[in-house]
Amino acid sequence: MRVLLVDDETEFVSTLAERLSMRNIDADWVGSGEEALKRMADHVYDLAVLDVKMPHIGGIELMRRMRARRPEMKFIFMTGHGSEQDFQAGASEAGAEYYLAKPVHIEDLMRKMTEVLGAGASRP
Amino acid sequence: MFERLIPKFWNERFTDTGPFRRLFNYRRIWRLAVLLTACVAIVPLFMLAILDLNVTRRSAETEINLRVSKLVSNTDRTLTFFLEERRYALDFIVRSHAYAELADRRHLAGILKSLKEAMGGFTDLGLIRASGEQVVYVGPYDLEGKNYRGEDWFQETLERGHFISDVFLGFREAPHLVIAIKHRHPDGSFYVFRATLDTERFNQVLSQMERSGDGDMFLVNRHGVLQTPSRYHGGVLQKLALAVPEYAETTRVYEIDTGRGDPLVVGASYIKGTPFILMLVTRKNELMRPVHRTQLLLIGFIAVSTTLILVVIIGVATRLVNVVYIADQQRVRTLREAQQSSRLASIGRLAAGVAHEINNPLAIIGEKAGLLKDILSIDSNYPRHAKLVGLVDSITASVDRCGAITERLLGFARHLEFKVEPVNLAEIVHEVLGFLHREASYRSIAVEVDVPEDLPQFVSDHGKLQQILLNLVNNAFAAMNDGGNLQIRARLETDQTIVLTVKDDGCGISEGDMERIFEPFFTTKKDKGGTGLGLSITYGLVQEIGGTIRVDSEVGRGATFTITLPTQGGGRKD
């Protein structure tokens, strides 16, 4: 399983990636939507964890573009906007069902990732 | 009793009306209104009344003068006629009788008898020679041979041809007067014929005259000695206390101020050819009595109308100013509420911004701490390992706590989609009390619910209503002592609004706190772990479902939260 973490808060996202790596997950990170798209050109990811609010290309927009390139890709959103409800409207409209509020608990993220990929695996 | 009559605005002292405070001086407005209207209404009334009183008084006085003058003139004429009639009678006697006939006592006695019978009033007759000696006398006294030469009246008779004397008391103490005429013979010699008249007839004439009220009509001579009896001013030959009227050709009417507020109206006339002055003296108040009665009636009418006008003016002014006062109060309250809600809105935006900005660094701290723990869990040989794990856990716990706060802060300011569905308020109340049932019974708090089951269903957000009620009840529980009493009540106020009240008998809220109670982080329970977000979130939620929330409280007597809810799903559209 290869995971790409995208967040403009590089300090945060790099630490998160490192912690995932320590849990034997192949995690890369980038600091913007543009870099993420660039990296997709020569890497294959099963899952992307995106921050909702980023300069230039926001999380939801980025999801659309990545999905356009690789439709089977899964997405988890992180938001600094507080609760789940807050994000629900915008995210569900765009087709994402998984979201986490910042600050993120690594255990929650791991569980969500398993859910997402499990759901994907169970799909025909 | 009187306190009930004092309108509410009377003791009002606005302290926070800001500019235009002058406009809020209700007492002043009231006074001005009452004064101006009263002036406009009452002053013309008084002017008219005064004018009317003056006109009536003056015309009454004129009428009285006329009446007195007429009466005096008439009486004057009657008296003049009375005296002249007798003088002409004497004149006729001397002209129609020869001196010898008159000098015959028996004949003269016959004449006196005829005069007494035909005219009356004659007491005696006498014939006096030019020398002054009375040669013949018929009458009750023995006056024959008496010489009048030195008497004033005799001299005057000689000069003027005739004479009428003042009244004097005769030998029988009866008032009399003398009429004398001088008769000249063709040869130039003359004699005087005199008669004494009983003034009783005079008095009869005077008393026959019409006298209105207690008018007093009498004769005086030019020295002010009464010639006929008067009712109030003395008997015959007494000195009149009033001044003798000045001479005038015609009848005069004038007033005498007695100094006792009761002036006298005097009509006076000099009776020609006599020493008599006819006087009619009347108390003016007596004459003016009918006028005074009318005036009293008018004054009474004015007093009653003035009272009525004042009552109406004061009533209307009080009512109007009260309406203005109530409207002003409403306005000030609305203004205050608007200020509060706009302040809360900006605090909300600020809080959301701060929360959002803090979330990112908070996430970094959380991750760094997480990583630290991860590393520690791999290499557990590090000295003081347990201590470090404890520190990291503490950091993580604090981050979680901060996260919870920012989440709630954002909740306060969040603008959410409004999830509308028909809700039943009674159901919600029961659900919420279900959560708190245990705490209530544990602390033996009596919860009284008065939410009619038949309250109409209305369209709102079920979850938010639940949270609002939960927060309010929680808040009330925190303010109450064990064994307290909580009331939850709902009423359909109008077709469009339902009013829900949560009333506790807890510690209450001080006035200073009341203004800030809906602000985020405002708490009075810091030592008991309050975050100060409960009521601010409640406030936000109520706004979101289009309602309003208000608090009334008194320290030590509990607080009442009143929520007004729209029944037509008035969610905030942002």
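Predicted model, so just to flag it, every value in this text is computed and none were measured. Residue positions are counted from 1 within each chain, in the order its sequence is given. To label them, take the chains in the order written and letter them from A, then take the ligands in the order written and number them from 1. Per-residue local features are limited, in this predicted model, to residues with pLDDT of at least 70; the limit for side-chain atom pairs, both in listing and counting, is 80 or more; totals at the level of whole chains, interfaces and linings are taken over all residues.

Focus on the overall build of chain A
Here is step 1 of the chain: Segments assigned H or I by DSSP are reported as helices when at least four residues long, segments assigned E as strands when at least two residues long, and all are numbered from the N terminus. Summing up its helical and strand segments, chain A has 5 helices and 5 strands in all.
Here is step 2 of the chain: Going residue by residue from the N terminus, the α and β elements of chain A occur as β-α-β-α-β-α-β-α-β-α.
Here is step 3 of the chain: C-beta atoms are placed from the backbone for every residue, and two residues are taken to be in contact when these atoms lie within 7 Å. Taking the intrachain contacts of chain A between residues at least 6 apart in sequence as the baseline, contacts between residues at least 24 apart amount to 55%.

Some thoughts on the sheet that holds strand S17 (residues 559–566) of chain B
Backbone-to-backbone hydrogen bonds join strands into a sheet, with any given pair of strands oriented parallel or antiparallel.
Residue and element names in this part refer to chain B.
Here is step 1 of the chain: In this analysis, strands are considered paired if DSSP registers two or more bridges between them. The sheet built from 5 strands is open, its strands ordered S12-S14-S15-S17-S16 with mixed pairing. Only two strands of the sheet have a single neighbouring strand rather than two, namely strand S12 (446–450) and strand S16 (548–553). The sheet shows a mean angle of 15° between the axes of neighbouring strands, direction not considered.
Here is step 2 of the chain: Note that S12 and strand S14 (residues 485–492) share 5 bridges and pair parallel. Residue pairing in the sheet places Glu448 in a bridge with Gln487 of S14.
Here is step 3 of the chain: For helices, the fitted axis covers only the stretch in contact; all axes are lines through C-alpha atoms, and the angles between them, taken along N-to-C directions, range from 0 to 180 degrees. Where helix H10 (residues 425–442) meets the sheet, its contacts fall on S12, S14 and strand S15 (497–504), and the angle it forms with S12 comes to roughly 175°.

With respect to the pairing of S14 of chain B
Strand residues, when the strand is regular, have side chains that alternate between the two faces of the sheet.
Residue and element names in this part refer to chain B.
Here is step 1 of the chain: Bridge analysis of S14 against S15 gives 7 bridges, and the strand direction is antiparallel. For Arg491, the partnering residue across the bridge sits in S15 and is Val499.
Here is step 2 of the chain: Taking the residues between adjacent antiparallel strands as the criterion, S14 and S15 are bridged by 4 residues.

A short note on the sheet that holds strand S4 (residues 74–79) of chain A
Residue and element names in this part refer to chain A.
Here is step 1 of the chain: Read across the sheet, 5 strands follow the order S2-S1-S3-S4-S5 without closing on themselves; strand pairing throughout is parallel. In this open sheet, the two strands that pair with only one neighbour each are strand S2 (26–30) and strand S5 (99–101). For this sheet, the mean inter-axis angle between neighbouring strands, taken without regard to orientation, is 20°.
Here is step 2 of the chain: Direction of pairing for strand S1 (residues 2–6) relative to strand S3 (residues 47–51): parallel, over a ladder of 4 bridges. Pairing of Val6 across the sheet is with Leu50, part of S3.
Here is step 3 of the chain: Seen against the sheet, helix H3 (residues 59–69) touches S1, S3 and S4 and runs at an angle of roughly 155° to S3.

Description of the nonpolar core
Residue and element names in this part refer to chain B.
Here is step 1 of the chain: A set of buried residues drawn from Ala, Val, Leu, Ile, Met, Phe, Trp, Tyr and Cys, joined through C-beta atoms within 7 Å, is what defines a nonpolar core. Around each residue's C-beta, the other C-beta atoms within 10 Å are counted; 20 or more make the residue buried, 12 or fewer make it exposed, and counts in between make it partly exposed. All C-beta atoms are placed from the backbone. In this structure, Ile277, Leu278 and Met279 are the most contacted members of the largest nonpolar core, which totals 50 residues.
Here is step 2 of the chain: Looking at which element gives the most residues to this core, the answer is helix H2 (residues 26–96), with 8 residues.
Here is step 3 of the chain: Aside from chain neighbours lying at most four places away, what touches Ile277 is Leu219, Val220, Arg222, Val244, Pro245, Ala268 and Tyr270.
Here is step 4 of the chain: Ranked by size, the runner-up nonpolar core spans 40 residues in total, among them Ile445, Leu469, Ala476 and Ile498.

Here's the deal with helix H4 (residues 105–118) of chain B
Here is step 1 of the chain: Expected helix span is computed as 1.5 Å times (number of residues minus one). Look at H4 of chain B: 20 Å from first C-alpha to last across 14 residues, which is about the 20 Å you get at 1.5 Å a residue.
Here is step 2 of the chain: Note on H4 of chain B: the residue one or two positions beyond its end, Gly120 of chain B, has a positive phi of about 80°.

As for the confidence of the model for chain A
Here is step 1 of the chain: pLDDT measures the predictor's confidence residue by residue and takes values from 0 up to 100. With 81% of its residues at a pLDDT of 70 or more, chain A has an overall mean of 81.
Here is step 2 of the chain: Note on residues 120–124 of chain A: pLDDT is under 50 here. Beyond four places in sequence and across chains, it has 1 contact.

A short note on unusual backbone geometry
Here is step 1 of the chain: Look at Asn24 of chain A: it is not a glycine, yet its phi comes out positive at around 65°.
Here is step 2 of the chain: Residue placement: Asn24 of chain A occurs in the loop between helix H1 (10–22) and S2.
Here is step 3 of the chain: We note that Ser444 of chain B has phi near 45°; this positive angle belongs to a residue other than glycine.
Here is step 4 of the chain: One can find Ser444 of chain B in the loop between H10 and S12.

Remarks on the confidence of the model for chain B
It should be kept in mind that the predicted coordinates are not to be read in detail where pLDDT is low.
Residue and element names in this part refer to chain B.
Here is step 1 of the chain: The predicted model of chain B has a mean per-residue pLDDT of 84, with 91% of residues at 70 or higher.
Here is step 2 of the chain: Across chain B, element-level confidence peaks in strand S9 (residues 264–270) with a mean pLDDT of 92 and bottoms out in helix H1 (residues 2–5) with 69.
Here is step 3 of the chain: Below pLDDT 50 for its whole length, residues 570–574 participates in 10 contacts with residues either more than four positions away or in separate chains.
Here is step 4 of the chain: The ipTM assigned to the predicted complex is 0.82, against a pTM of 0.50.

What to know about the packing of helix H11 (residues 462–479) of chain B against helix H13 (residues 534–544) of chain B
A pair of packed helices is captured by two measures, namely the crossing angle of their axes and the spacing between those axes.
All names here are of chain B.
Here is step 1 of the chain: Packing of H11 against H13 leaves a shortest axis separation of 9 Å and a crossing angle of 150°. The angle between H11 and H13 falls in the class roughly antiparallel. The crossing of H11 and H13 is left-handed. The segment H11 lies against H13, with Lys464, Gln467, Ile468, Asn471, Leu472, Asn474 and Asn475 engaging Gly534, Leu535, Ile537, Thr538, Leu541, Val542 and Glu544.
Here is step 2 of the chain: Residues are sorted three ways: Asp, Glu, Lys and Arg are charged, Ala, Val, Leu, Ile, Met, Phe, Trp, Tyr, Cys and Pro are nonpolar, and all the rest, Gly among them, are polar. Looking at the contact of H11 with H13 residue by residue, the class counts come to 6 nonpolar, 6 polar and 2 charged. Angles below 35 degrees are treated as roughly parallel, those above 145 as roughly antiparallel, those between 65 and 115 as roughly perpendicular, and all remaining angles as oblique. For any helix crossing, the convention is left-handed if the near helix is rotated counterclockwise from the far helix by under a right angle, and right-handed if that rotation is clockwise.

Quick look at the packing of helix H2 (residues 33–40) of chain A against H3 of chain A
Residue and element names in this part refer to chain A.
Here is step 1 of the chain: At a closest axis distance of 11 Å, the pairing of H2 and H3 adopts a crossing angle of 10°. Here H2 lies roughly parallel to H3, going by the angle between them. Residue-level contacts link Gly33, Ala36, Leu37 and Met40 of H2 to Leu62, Arg65, Met66 and Arg69 of H3.
Here is step 2 of the chain: Among the residues forming the contact of H2 with H3, the class breakdown is 5 nonpolar, 1 polar and 2 charged.

Observations regarding the pairing of S2 of chain A
Residues and elements named next belong to chain A.
Here is step 1 of the chain: With 5 bridges connecting them, S1 and S2 associate as parallel partners. Pairing of Val3 across the sheet is with Ala27, part of S2.
Here is step 2 of the chain: For the handedness criterion, the strands are oriented away from the viewer, and a crossover whose path from the first strand over the helix to the second runs clockwise is classed as right-handed. Traced from S1 through H1 to S2, the parallel crossover comes out right-handed.

Side note on the environment of Gly33 of chain A
Residues and elements named next belong to chain A.
Here is step 1 of the chain: Looking at the secondary structure, you find Gly33 in helix H2.
Here is step 2 of the chain: Judged by local crowding, Gly33 falls into the buried class, with 23 C-beta atoms found within 10 Å.
Here is step 3 of the chain: Residues Gly33 and Met66 lie 33 residues apart in sequence; the distance between their C-alpha atoms is 9.7 Å.
Here is step 4 of the chain: Beyond its immediate stretch of four places on either side in the chain, Gly33 contacts Val6, Met54, His56, Ile57 and Leu62.

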